[in-house]
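Coordinate analysis (summary)
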Amino acid sequence: MNIILFGPPGAGKGTQAKYLVKKINGYQVSTGDMLRNEIKKDTIIGKKIIENMNDGKFVSDEIVNNLISEIVFDDKKKGKLIFDGYPRSLSQAKNLDLFLQKSDQKIEFIFFLNVNKETIIKRIEKRKILENRSDDDLDTIIKRYDTYMEMTKPVLDFYSKNPNFHEIDGALEIDQITNKIDAFLQV
Ligand code: AMP
């Protein structure tokens, strides 16, 4: 079962992805983690990535598509992919379709964790008090949220016609979101 978790930063995709990985014994495909890993390796690509990530902008489709190809075409991971943070643009969504066709796979569930800007800001503020983070975080998160909403609108239109597309209120508590996902998976 391949699943796409879709939604703005702060919606809880990563948390639900980790839950799903355990549940179906799957593999989390987090482009954010993969990109951070490239940065750590300090490669030329890593340097390009860091510029965009720091600005709250998207990394180029070419770099991201290349990174995920290694996982989608890995026979060991086939049919057990939990996409978290990919695809984020229409071009990435079309590329994923192509990769899935070529590797004889499909997506069984698309979950859109929808959450508005006010809720995200409240969450970040809470985290700032709890974890003593700086104000820069909030600015970057807002920038990332705006970029996400602007860039992913076409992806949302692309997937929302799909019968296996389900919107879930991302403002709910973690457990409530998990319960909703579980309910869909059981049908
Ligand atoms: P995330 O950890 O998913 O919130 O991603 C952190 C940052 O990595 C984003 O703000 C983007 O700059 C970059 N990023 C992650 N996934 C993608 C993607 N699929 N396409 C382009 N940029 C991405």
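This structure is a prediction, so every number in the text was calculated from the model and none was measured.

This next bit is on the overall build of the protein. A tally of regular secondary structure across the protein gives 8 helices and 5 strands. Of the regular secondary structure in the protein, the N- to C-terminal order runs β-α-β-α-α-α-β-α-β-α-α-β-α. Here the C-alpha atoms of the protein give a radius of gyration of 16 Å, agreeing with the 16 Å that 2.2 N^0.38 yields for 187 residues. Expressed as lengths along the three principal axes of its C-alpha atoms, the size of the protein is roughly 45 × 40 × 30 Å. Taken over 187 residues, the protein has a buried fraction of 43%. Residue pairs in contact within the protein that sit at least 24 positions apart in sequence constitute 76% of those at least 6 positions apart. As displayed, the protein has an accessible area near 10500 Å², and 51% of this comes from carbon and sulfur atoms. For the protein, the separation between the mean place of its 30 positive charges and that of its 29 negative charges on side chains is 3 Å.

The next point concerns the site of the ligand. The immediate surroundings of the ligand are formed by 14 residues, with T31, K57, R88, Q92 and R144 found nearest. One nitrogen or oxygen atom from the side chain of R36 is found 3.0 Å from an oxygen atom belonging to the ligand. In this structure, an oxygen atom belonging to the ligand sits 2.5 Å away from a side-chain N or O atom of R144. Burial of the ligand by the protein chains amounts to 93% of its free accessible area of 480 Å². No other element matches helix α2 (residues 31–41), which puts 4 residues into the shell around the ligand.

With that settled, consider the packing of aromatic side chains. One pass over the structure, following the stated rule, counts 9 aromatic pairs. With 6.2 Å between their ring centres and 55° between their planes, F6 and Y148 make a pair best called tilted. With F6 in strand β1 (residues 3–6) and Y148 in helix α7 (residues 135–160), this residue pair connects regions lying 142 residues apart in the sequence. Since its relative accessible area comes to 1%, F6 is described here as buried. Relative to Y159, the ring of F158 lies with its centre 5.3 Å away and its plane at 65°, an arrangement referred to as edge-to-face. Cluster of aromatic residues (ring-pair linked, three or more members): F6, F112, Y148, F158, Y159 and F165.

This part takes up the environment of L35. By secondary structure assignment, the location of L35 is in helix α2. By relative accessible area, which is 7% here, L35 ends up buried. Those residues in contact with L35 that sit more than four places away from it in its chain are I49, M53, V59, I63, V64 and L67.

What follows concerns the packing of α2 against helix α3 (residues 44–54). When two helices pack together, their arrangement is captured by the angle between the axes and the distance separating the axes. α3 packs onto α2 with a crossing angle of 125° between their chain directions and a minimal axis gap of 8 Å. On the basis of the axis angle, α2 is oblique to α3. Where α2 crosses over α3, the handedness of that crossing is left-handed. Two secondary-structure elements touch here, α2 through G32, L35, R36, E38 and I39 and α3 through G46, I49, I50 and M53. Classifying every residue of the contact of α2 with α3 gives 5 nonpolar, 2 polar and 2 charged.

With that settled, consider helix α1 (residues 13–24). Taking 1.5 Å of rise per residue, the 12 residues of α1 would be expected to cover 16 Å, and the 16 Å separating its terminal C-alpha atoms lies within 8% of that figure. Buried within α1 are the following residues: K13, Q16, A17, L20 and I24. End-on view of α1: buried residues confined to an arc of 105°, all on one side of the axis. Where α1 is buried, its residues meet β1, β2 (27–30), β3 (81–84), β4 (109–114) and α8 (174–186).

Another point: the environment of F58. Turning to its location among the elements, F58 is positioned in the loop between α3 and α4 (61–72). For the pair F58 and S89, spaced 31 residues apart in sequence, the C-alpha separation works out to 9.3 Å.

Take the side chain of T31 next. Here T31 shows up in helix α2. On the basis of relative accessible area, T31 is assigned to the buried category, the value being 3%. Apart from the residues lying within four places of it in its own chain, the contact partners of T31 are V64, I68, D84, G85, Y86 and R88.

What counts and how
Along each chain, residues carry numbers from 1 onward, in the same order as the chain's sequence is written. It should be noted that, the model being predicted, local features are given only for residues of pLDDT at least 70 and side-chain atom pairs only at 80 or more, the latter also being counted only at that level, while totals for whole chains, interfaces and linings use all residues. In computing side-chain values, all of the structure's heavy atoms are included and hydrogens and water are not. In DSSP terms, a helix is any run of H or I states spanning at least four residues, a strand is any run of E spanning at least two, and both are numbered starting from the N terminus. A radius of gyration in this sense is built from C-alpha atoms; the matching globule rule multiplies 2.2 Å by the number of residues raised to 0.38. Relative accessible area decides the class of each residue, using a 1.4 Å probe on protein chains only: under 20% of the type maximum gives buried, over 50% gives exposed, and in between gives partly exposed. For this analysis, residues touch if any pair of their heavy atoms sits within 4.5 Å. In these tables, accessible area is a Shrake-Rupley quantity obtained with a 1.4 Å probe, and a residue counts as shielded only by the protein chains included in the view. Neither His nor the chain ends is counted toward charge; the positive residues are Lys and Arg and the negative residues Asp and Glu. Taken as the charge location is NZ of Lys, CZ of Arg, CG of Asp or CD of Glu. Being near a molecule or strand, for a residue, means having at least one of its heavy atoms within 4 Å of it. Each polar contact in these results corresponds to two N or O atoms within 3.5 Å; when the atoms are within protein, one needs to be able to donate a hydrogen and the other to accept it, and residues that are neighboring in sequence are counted only if both atoms are side-chain atoms. Think of it this way: a Phe, Tyr or Trp ring, Trp meaning its six-membered ring, pairs with another when their centres are within 6.5 Å, and the plane angle makes it stacked under 30 degrees, edge-to-face over 60, tilted otherwise. Helix axes are fitted only over the stretch in contact, all axes being lines through C-alpha atoms; the angle between N-to-C directions runs from 0 to 180 degrees. Orientation categories follow fixed angle ranges, with anything under 35 degrees roughly parallel, anything over 145 roughly antiparallel, 65 to 115 roughly perpendicular, and all other angles oblique. In this scheme the handedness of a crossing depends on how the near helix is turned from the far one: anticlockwise by less than a right angle means left-handed, clockwise means right-handed. Following the grouping adopted for this structure description, the nonpolar residues are Ala, Val, Leu, Ile, Met, Phe, Trp, Tyr, Cys and Pro, the charged ones are Asp, Glu, Lys and Arg, and the polar ones are all others, Gly among them. Multiplying 1.5 Å by the helix residue count minus one yields the expected span of that helix. For this quantity, the arc is that covered by the directions from the helix axis to the C-beta atoms.

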